[in-house]
Amino acid sequence: MLLVARRVPGQSAREWTVVFDDDADRDDPAARDVARQRLAEAVEGEDTTR
């Protein structure tokens, strides 16, 4: 799993996306929970002053 953040031109906020590995089961509730948790941690720790 990969977390991707991109800054949209003209906006200060980043747009986040979760990209699952090719062999990952995207429908697995446990995998989706891990993705949600990691995304929440990344967004929480984000430095918005840059």
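Here the structure is shown first, and the text comes after it.
Residues numbered from 1 in each chain as written. Predicted model: local features only at pLDDT ≥ 70, side-chain atom pairs only at ≥ 80, totals over all residues. Heavy atoms only, no water.

J.: Give a description of the overall build of the protein chain that names residues and reports values.
T.: Of the regular secondary structure elements, the protein chain holds 1 helix and 2 strands. Counting from the amino terminus, helix and strand elements in the protein chain follow one another as β-β-α. What you see for the protein chain is a C-alpha radius of gyration of 13 Å, clearly larger than the 10 Å of a compact globule of 50 residues, by over 25%. Put simply, 30% of the contacts in the protein chain that link residues at least 6 apart link residues at least 24 apart. Here the protein chain has roughly 4,100 Å² of accessible surface; of this, 48% comes from carbon and sulfur atoms. Each charge class in the protein chain was averaged separately, 8 positive and 12 negative side chains, and the resulting centres sit 7 Å apart. (Helix = DSSP H or I, 4+ residues; strand = E, 2+ residues; numbered from the N terminus. Rg over C-alpha atoms; globule rule 2.2 N^0.38 Å. Contact = heavy atoms within 4.5 Å. Areas by Shrake-Rupley, 256 points an atom, 1.4 Å probe, with all protein chains shown as cover. Lys, Arg positive; Asp, Glu negative; His and termini not counted. Charge placed at Lys NZ, Arg CZ, Asp CG, Glu CD.)

J.: Talk me through the pairing of strand β1 (residues 2-7); I want residue IDs and the actual numbers.
T.: Direction of pairing for β1 relative to strand β2 (residues 14-19): antiparallel, over a ladder of 6 bridges. Directly across from Leu2, in β2, lies its bridge partner Val19. What sits between the antiparallel neighbours β1 and β2 is a turn of 6 residues, in which Gly10 has the positive phi angle 85°. (Pairing = 2+ DSSP bridges.)

J.: Run through a nonpolar patch on the surface, naming residues and quoting values.
T.: Taken together, the side chains of Leu2, Val4 and Val19 present a nonpolar region at the surface, about 220 Å² in accessible area. By secondary structure assignment, the location of Val4 is in strand β1. (Patch = residues over 30% accessible without salt bridge, like charges linked within 9 Å, V, L, I, M, F, W, Y side chains within 5 Å. Salt bridge = Lys/Arg side-chain N within 4 Å of Asp/Glu carboxyl O.)

J.: Tell me about the pattern of salt bridges, and name the residues and values.
T.: Under the definition given, this model contains 2 salt bridges. Note that Glu15 is salt-bridged to Arg6, the shortest N-O span being 3.3 Å. For Glu15, a relative accessible area of 39% translates into the label partly exposed. The class for Arg6 is partly exposed, based on a relative accessible area of 44%. Residue Asp33 is joined to Arg36 by a salt bridge in which the shortest nitrogen-to-oxygen separation is 3.0 Å. Of this pair, Asp33 and Arg36 both sit in helix α1 (residues 29-44), 3 residues apart, which is roughly one turn of that helix. (Buried < 20%, exposed > 50% of the residue type's maximum accessible area, 1.4 Å probe, protein only.)

Worth remembering: the numbers are spatial, not functional.
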